[in-house]
Amino acid sequence: MESFNTQYRLKAAGFPFTVGAQRTLSKAGGERWEMEVSASNFLGEIRETSVFTWQGCLPVTH
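These notes cover the structure that comes with them.

Parameters and conventions
Residues numbered from 1 in each chain as written. Predicted model: local features only at pLDDT ≥ 70, side-chain atom pairs only at ≥ 80, totals over all residues. Heavy atoms only, no water. Helix = DSSP H or I, 4+ residues; strand = E, 2+ residues; numbered from the N terminus. Contact = heavy atoms within 4.5 Å. Pairing = 2+ DSSP bridges. Axes fitted to C-alpha atoms, helices over the stretch in contact; angles between N-to-C directions. Polar contact = N/O pair within 3.5 Å; in protein donor to acceptor, adjacent residues only side chain to side chain. Salt bridge = Lys/Arg side-chain N within 4 Å of Asp/Glu carboxyl O. Buried < 20%, exposed > 50% of the residue type's maximum accessible area, 1.4 Å probe, protein only.

This part takes up the side chain of Ser38. With respect to the helices and strands, Ser38 occurs in strand S3 (residues 32-41). Residues in contact with Ser38, not counting those within four places in the same chain, are Gly20, Ala21, Gln22, Glu45, Ile46 and Arg47.

Pasting the structure below:
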């Protein structure tokens, strides 16, 4: 598995704002991985972080 960082931007016609979002996967040490998802606009920001290891093909959160 490789680390990555992806950014998204949404601007809908008829709405006076833009939403930006980012998803990042990075090695957290040992066998642990960290996935962070965040989104923001002029109203505020939301951020979610999950730490997990792999058990076969299934992620197991910690």
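That shown, we press on.
Sheet strands pair via backbone hydrogen bonds, and the direction of the pair is either parallel or antiparallel. Here five strands make up an open sheet; going across it, the order is S1-S2-S3-S4-S5 and the pairing antiparallel. Where the open sheet ends on each side, the last strands, each with one partner, are strand S1 (4-11) and strand S5 (58-61). This sheet shows a mean twist of 25° between the axes of neighbouring strands, independent of strand direction. Pairing of strand S2 (residues 18-29) with S3 involves nine bridges; the strand directions are antiparallel. Its bridge partner being in S3, Leu25 is matched across the sheet by Met35.

Below, the discussion takes up the side chain of Thr24. Note on placement: Thr24 falls in strand S2. Here Gln22 takes part through its side chain, which lies 3.4 Å from a polar atom of the side chain of Thr24. Excluding residues that lie within four positions of it along the chain, Thr24 makes contacts with Phe4, Asn5, Glu34, Met35 and Glu36.

One pass over the full model with this rule turns up two salt bridges. Put simply, Arg47 and Glu36 hold a salt bridge, and the shortest N to O gap is 2.6 Å. Here the residue Arg47 occupies a position in strand S4 (residues 44-55), and Glu36 occupies one in strand S3, the gap between them amounting to eleven residues. Assessed through its relative accessible area of 48%, Arg47 is described here as partly exposed. Given a relative accessible area of 22%, Glu36 falls into the partly exposed group.

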